[in-house]
Each structure stands twice: as structure tokens, then as C-alpha cells.
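Listed here are the chains, written in short residue letters.
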Amino acid sequence: MSTPAPFPTGTILGYPRIGRRRELKRAVESFWKGDITAAELERVSAELRAATRDRLVELGLDGRGSAIPESFSYYDQVLDAAVTVGATPARFSYLEDAEGAVDLAGYFTIARGEGEHLPVEMTKWFDTNYHYSVPEIGPETNFHLASTRLVAQYAEAVAQGYVTRPVIVGPVTFLLLSKASEDAPEGFRPLSRLADLLPVYRELLRALRAAGAEWVQLDEPGLVSESLNEDRLTVLTAAEKAYRELGDDTDRPQIFVAAPYASLDDALPVLAGTAVEAISLDLVRGSLPEFTPGLEAKTLVGGVVDGHNVWRGDLTVAADTLEALRGLGSGAVAVASSTSLQHVPHDVNDEPYLSDQLKSWLAFAEQKVGQIATLATGLVNGRGSISAELAASAAALADRLAAPGVHDPVVRARTAALTADDFSRGEYAARVAAQAAALNLPDLPTTTIGSFPQTGDIRRARASFVRGDITEAQYNEFLREEIRRVVALQEEIGLDVLVHGEPERNDMVQYFAENFDGFDVTQNGWVQSYGTRATRPSLLWGDVSRPAPFTVEWSAFTQSLTEKPVKGMLTGPVTILAWSFVRDDQPLAETANQVALALRDEIADLEEAGIGIIQVDEPALRELLPLKVADQADYLDWSVNSFRLSTAGAADATQIHTHLCYSEFGVVIDAIRALDADVTSIEAARSKMEVVHDIKASGFDHGIGPGVYDIHSPRVPSVAEISELIATALGEIPASQVWINPDCGLKTRGYEETTASLTNILEATRAARG
């Protein structure tokens, strides 16, 4: 290598890539529909990347010093890595050209499926609400450099006048997040292919160096996690091999290993002993390490600005932490976000309906970049050079802690008075008997998870009501007519337990935030969840309570339309926390109990209105599981207890359902049992019922609904495919426990595919009953 360029004093690990108005989402979906060509999609994406680089420089990052990460993705960064290294699943080999590469259309096909070819699985990215595409690796996987798109994007930046930092998922994390392919022998571990993968990374690094890249960022959050189905020694051995081999290659850019979401702990000495030039430390979720030999030659990048949450934080504490990091005696010290900023919205100043006071407590992606630029100035010029910014940060934090509503004495007295009895229902056997008598359901009862398609008509009616173009009475009549249509459709198909379809809900968490005290919602606070799917996490800033019932009217109206039982639909306390930006000034357990009590009140009112089945969704239960084993027991204790607190007041005859999705259920199966829900529905279709083995092995004896319809793909599953999934479930679980349902809610699907899929589900269920 030539004389090395220094690492930038201030940087970020990644940036939102969907566009501040979701421009990428709209372009990609237009491409899927055939409304624009691949070339037009490329043009829109290049414009987004160019605008991002320009804006980051305006906000204070060094456009010539590798401070700007090239972290763009059309769909998912793990899928990007897979197509880069030629890891195309065998069933999609027909998409490859002569060089083993796939084009954009093929890339999306791998993610979404086509015909009888199932898409790759999705699951949660560490402890975030982002979903990644799971690579499928086997002995047959032919690793090779199949895409140089990252090189082209770096060259694009150079042409714009910037020297940026290419970003790709690192080789160890890539394999840790992969699953064995269908053709792999039993017991095969993707990490065993590391030696075959490293030459491809080495080739990519050389290509980037040839293009002029000075630094490259290899994302290795797998090194901080203790929950990735490999023993720790194996992971550390793989990390040492990978970064010794990559680091020892002299024809490469300098390597920056980014390890967000927790502490590196015993992986830090491993990286310190290799030739990598810079290492990031998440000092928001993790702790300051002790000095380790080898760090004196590294740049330590202190992740002191929270990339995972939106609060402004305390810049004085951040500056103190950076000084402590500098005091370790390492080489240079830089400041960064703790994680990629893809987890937060673009700009708090783009929120016209939030109060000025609340906005003063917040920092979205743009504000976080500004904080990093400020702290970088302090590192270079001394703390006195940023004294005004530190004082403003402290004043905002003091104002937030003293604001009305942040502490509500009534709410706090109620949580303080809780006893053990408030967390426990009656015996399960008695509940089963009471519910059987009350509900009279058939074998293998069928239902959906809750939502039905949110059509253009629904979105337009909601927008018209918000603008004031129609009255509340007109809007409510529109919603009632939509519910009538959804109920009629379910009865025509033959479902056993009906839902109202949730047309009044913009989002399964935001709807609750709008009806609870202690929350606010954003207008433009979009955050990518997966692919083209984005959500607007709510802002949980104060003590939580429920002023009045808000779901009861819709559930009661729905029940008046049918003789079949109707499910009341609620979102659980853990999921409300996980899919919101939650206050960071008190333990999560305290906040969860406040939310649980608000839900408990709503359940009581649903029961009084005659609703005999109530679903309390907890799809995020696994998501918040800490990455460190030592922290998991405490989390599972308070998260399970918050669910039980919300549901324990229900009568024996009231059937409590819950729903979980995109998780490694075997890790939390004991916690799922401890929830003590009468029926649990879970994602299972895309993985072809892998979860039922964990269910059987655990002795799980409550009702269970493993999903038979993957709603995250536009495919319509055939009767034969669904029948095979049902047979697999019944081969492991007694039929008396099994429910038949889709994987998740149907909000993102269209009515044509929804109707066809549910019709096939009912046909397959009737055959299974016979």
C-alpha cells in the first residue's frame, strides 16, 4: 500500500437509503410493476446516492477523507453481500449469466420468490426491527466475485468529487447469518466455508483499491453477539483467520471493522492482533474496554452517538467517553454513530406537527451527523471549541426530564402497587374447557393474523379525513362498509374465527400511540423495516396510560355482523416498545408495565362488549433479546411479565391469542410458553415449518398456529404446498393444538392474491380434517 490516509475524525457507520420521501421504495415498486426499466431504476438510485453524499458534506462530514460510507442497498445489505460473492441459491441458478452474476431483476427475485421458487427467508437483524435476507450456503456454493457494483458505486462517488468508504457485510458475520442450503448434509455449518469465501473478499478489496478506495468498512456485528448458533471459540477463531488473512494482503484499502449493537469483549483482542487499521466500538450499547496490546497501532472509532434511538443525548457524556477512549493509550481516536443511521429517520426539522419542545429533545439522522461533526471538532480543537454546543445539549436534556407528562404520579402509583397475582391467569386446563364450551370451534380452526389489505381506497379515505375533506361521520361509515366487506369475504371463504381487517389503523403500533398518553407520532419519520417496507416508529417520551377505549367500537361492530367469533386485535407491550423510539431515562421494564396496564384496561372493555377472543400481538419478543447471554434472563423475565400483566385479568372463557414472527423460536421457546397465551401463531411458511421441531422438543402444550402462507412474498401458495406444510405440522404436533393461519397480517398484500391464498388454505384445511 502507498502512504496510508488517516481515518476520518468524524464519521457514521451508514445512512438511511430509502430517501426522505421513500423515493427508493417507489422506484423499486414501479420497477416490479413494469412501469419503469432497470436503467430508470438505476438512474433514480444514483440520484439518491448523489444527494446523500452532498447532504452529508453539508452537515459536516469530510467529502475527501473517506468519512462518507457507501452503504446504499436496493433491498438489503446481506442480500447484497450474497450476490457479490456468488451465493445464489440453487433454485435460482437459472437467473445467473455466464459469469455467475444476477441482474437487478434476478436480485429482487431471490428476495421475493417467483412461481414455485420460494424466496430466501427473512429474519431480524440482531436486536433491531430491520429484517435481512438469509443467505443459503452449502458445500455446493460456488463462491466467486459475481458483482462489482460496490466498486462502481465508489467510482460514481469519485466522479462526483468525493472519496468515500465502501461498506459490505464482513465475511464472518455473513456466514454466521447464513443457513445451510437444502442440499447441504445434516450438521453442515456455513462458517465451515470461510476459507473458500475469503479469497473472494480479498479479490473485492483489491478491486476497490485499484479504483482508488483508501478505506473499506467491513460490518461484523456477528462478533458482538453470543446468540448466533455457533460456540464463541469457533467465532473468535474464524475472526482471527479472516482478519489475519485479509489484513496481511498488502494490495488492499485500509480495513475498518465495524462492530455495532454491543461490546466486542473477547473479540477485541482478536482484532487487535491482526493488521486491520481501525475498529469501531459501540459505546452506547457497549462499555469502554480495557487497553489491549495491539490497539496502539489502531484507530479506535468511538460510537458515542446513538444510531439506534432518536434522543438528543448528552454530548458532555459523549465527549467524556471519547476522552476516556483516548486515555487507553491506543493510536488515533475518532467519533462515529454507534450503529448505522439506517435505524432512524432523516430529519427532525421535517416534522411540522411535533411541538418545538419535543423536537428540541430529538436527533434524527441529520442531527446525529451534526453531533458527530461537533464532537470531531472537540477532538481536534479541544472541548472549549464546542462549549456552546455542550451547554445546549445539557439544557435540552434538563428540559426533557422536567417536562409535564414525563412523570405521571397516577401511572407510577399504579405500577408500584402491582402484586404477583396481577401477572397470573387461571389454570390452562380450566381455560381450555371454558373456551371450548364458549366458542365451539372445529378441529384445526382457521383464522388470519388480523389485518386485511390496506387498499388505495382506504389510504385515500384516511388522507381525506386527516385533511378535513370528509367528516368523521363520513369516514366512520366508510370504515364500517370496509369491515362489512371483509367480514363477508371471510364468511364466503369459510374462516372459523374472523377479524375486522383493521382499516382504521395506519400501523399496528402508531394506532396505539395515537390513543395512549405519553406518545407522539411523526409525519415523515420513515425507517426501513425490510426491502421496500418502511414504518414510522412512534415517539414514547412520557409515562403511558389509556384515556379511553379505542378498539372496542370496531370489534363490537364486527361481532354484530356475524355469528362466528371475532378476534379483538391489540399490539403487545414488548412490540409497542420495540417498534417505537422509547424513552431512555428509565428501565424498559418500567415502561413495559405502564403499556401493559393500558392494554389490560382495553382487554377488560373488549370482554365487557362481548368479544370472546382477544389477540395481543408480540412479533418483537425475540427481537429485543439482548445479544449477550448474561443479559437475556432479565430481559425475558420482564418482557414475559409485561405480556402476562396485560392479559392476566381476562376470564377463563376468554381465549387469549398472541402472534410472533421472524424469529429463531428455539432460543425463546421457554419464554413463549411462559407467556401463557391460549393460542400462539408464528411465522413458519418460508422456513417450511422448521419451527415445529422446536415446538415438539420443548413439550409445548398450548394452542399453536404455525403459518402456512408467507405474506411477505407476492406468491399465491398452492393447495398442495399448504397441505404439505399442514402435514409437516401435524407430524410433530397433536392436531388438538394446531390452528391454521397465515404467517402475518395481510396489510401489505392485494385482495386478489389474499383471496386466492386464503381459499387455498381452507381447501387444504378441509382435506386435512378429512
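Values in this document were obtained by computation on a predicted structure and should not be read as measured data.

**Digging into the pairing of strand β19 (residues 655-660)**
Here is step 1: With six of its six residues buried, β19 lies for the most part within the structure.
Here is step 2: Burial along β19 is two-sided: Gln655, His657 and His659 and Ile656, Thr658 and Leu660, pointing in opposite directions, are all buried.
Here is step 3: With three bridges joining them, strand β18 (residues 613-617) and β19 adopt parallel strand pairing. Note that in β19 the partner of Gln615 across the bridge is His657.
Here is step 4: One crossover worth recording links β18 to the parallel β19 by way of helix α22 (residues 629-647), and it is right-handed.
Here is step 5: Looking at chain direction, β19 and strand β20 (residues 679-682) are connected through four bridges and run parallel. Bridging across to β20, Thr658 finds its partner in Thr680.

**Considering the side chain of Asp678**
Here is step 1: Examined against the element boundaries, Asp678 turns out to sit in the loop between α23 (665-675) and β20.
Here is step 2: At 3.0 Å, the side chain of Asp678 and the side chain of Gln435 are in polar contact.
Here is step 3: Among the polar contacts listed, one links the side chain of Asp678 to the backbone nitrogen of Ile656, at a separation of 2.8 Å.
Here is step 4: If near-sequence neighbours (up to four positions away) are discounted, Asp678 is found in contact with Arg425, Tyr428, Arg431, Gln435, Thr654, Gln655, Ile656, His702 and Gly703.

**Observations regarding empty space enclosed by the protein**
Here is step 1: This structure, assessed with the given rule, holds nine cavities of 30 Å³ or more.
Here is step 2: The volume enclosed by the largest cavity comes to roughly 560 Å³.
Here is step 3: As for the largest cavity, its lining consists of 34 residues, of which Met508, Arg533, Trp579, Gly745 and Lys747 are closest to the centre.
Here is step 4: Going through the elements one at a time, β13 (527-530), β14 (533-535) and β16 (567-571) are the ones with two or more residues in the lining of the largest cavity.
Here is step 5: With three residues, the top contributor of residues to the lining of the largest cavity is β16.
Here is step 6: Of the residues assigned to the lining of the largest cavity, the class counts are 13 nonpolar, 13 polar and eight charged.
Here is step 7: Each of two domains, domain 1 (10-402) and domain 2 (409-418 + 430-769), supplies a minimum of three residues to the lining of the largest cavity.
Here is step 8: By volume, the second largest cavity amounts to about 140 Å³.
Here is step 9: Contributing to the lining of the second largest cavity are 13 residues, with Arg49, Thr52, Pro69, Ser71 and Phe72 lying nearest its centre.
Here is step 10: Elements with a minimum of two residues in the lining of the second largest cavity: α2 (38-58) and β1 (69-70).

**As for the UniProt feature "binding site: 5-methyltetrahydropteroyltri-L-glutamate" (unreviewed entry) in the protein chain**
Here is step 1: In the numbering used here, UniProt assigns the feature "binding site: 5-methyltetrahydropteroyltri-L-glutamate" (unreviewed entry) to Lys25, Asn129 and Trp579. Those annotated residues from the list above that line the largest cavity are Asn129 and Trp579.
Here is step 2: Turning to its location among the elements, Lys25 is positioned in helix α1 (residues 23-33).
Here is step 3: Turning to its location among the elements, Asn129 is positioned in the loop between β2 (122-124) and β3 (131-133).
Here is step 4: Assessed through its relative accessible area of 18%, Asn129 is described here as buried.
Here is step 5: Those residues in contact with Asn129 that lie beyond four places of it in its chain are Lys124, Ser529, Thr535, Trp579 and Glu623.
Here is step 6: For Asn129, the side chain forms a polar contact with the side chain of Lys124, separated by 3.5 Å.

**Notes on the domain arrangement of the protein chain**
Here is step 1: Taken as a whole, the protein chain is organised into domain 1 (10-402) and domain 2 (409-418 + 430-769).
Here is step 2: If you average the C-alpha positions of domain 1 and of domain 2, the two centres end up 32 Å apart.
Here is step 3: Counting from both sides, the interface comprises 58 residues of domain 1 and, opposite them, 46 residues of domain 2.
Here is step 4: For the pair domain 1 and domain 2, the two sides together bury roughly 4600 Å², of which 54% comes from carbon and sulfur.
Here is step 5: At the boundary of domain 1 with domain 2, the tally comes to six salt bridges.
Here is step 6: Between Glu690 and Lys179 there is a salt bridge, and its shortest N-O distance comes to 3.0 Å.
Here is step 7: Of all elements in the fold, only α1, α4 (104-112), β2 and α13 (387-402) reach the threshold of two or more residues within the side of domain 1 that touches domain 2.
Here is step 8: Take the side of domain 1 that touches domain 2: its biggest share by element is four residues, from α1.
Here is step 9: Of the residues that constitute the side of domain 1 that touches domain 2, the class distribution is 26 nonpolar, 14 polar and 18 charged.

Here is what the cut-offs are and how they apply
- Residues numbered from 1 in each chain as written.
- Predicted model: local features only at pLDDT ≥ 70, side-chain atom pairs only at ≥ 80, totals over all residues.
- Heavy atoms only, no water.
- Buried < 20%, exposed > 50% of the residue type's maximum accessible area, 1.4 Å probe, protein only.
- Helix = DSSP H or I, 4+ residues; strand = E, 2+ residues; numbered from the N terminus.
- Pairing = 2+ DSSP bridges.
- Right-handed = clockwise from strand over helix to strand, strands pointing away.
- Polar contact = N/O pair within 3.5 Å; in protein donor to acceptor, adjacent residues only side chain to side chain.
- Contact = heavy atoms within 4.5 Å.
- 1 Å grid on protein atoms, 1.4 Å probe; cavity = no way out; pocket = protein on both sides within 12 Å on 5 of 7 lines; lining within 4 Å.
- Points joined across faces, edges and corners; volume = space filled by probe spheres on them.
- Nonpolar A, V, L, I, M, F, W, Y, C, P; charged D, E, K, R; others polar.
- Domains from an automatic or database assignment.
- UniProt positions renumbered as here; feature names shortened; annotations may be inferred.
- Buried area = accessible area lost by both parts, 1.4 Å probe.
- Salt bridge = Lys/Arg side-chain N within 4 Å of Asp/Glu carboxyl O.

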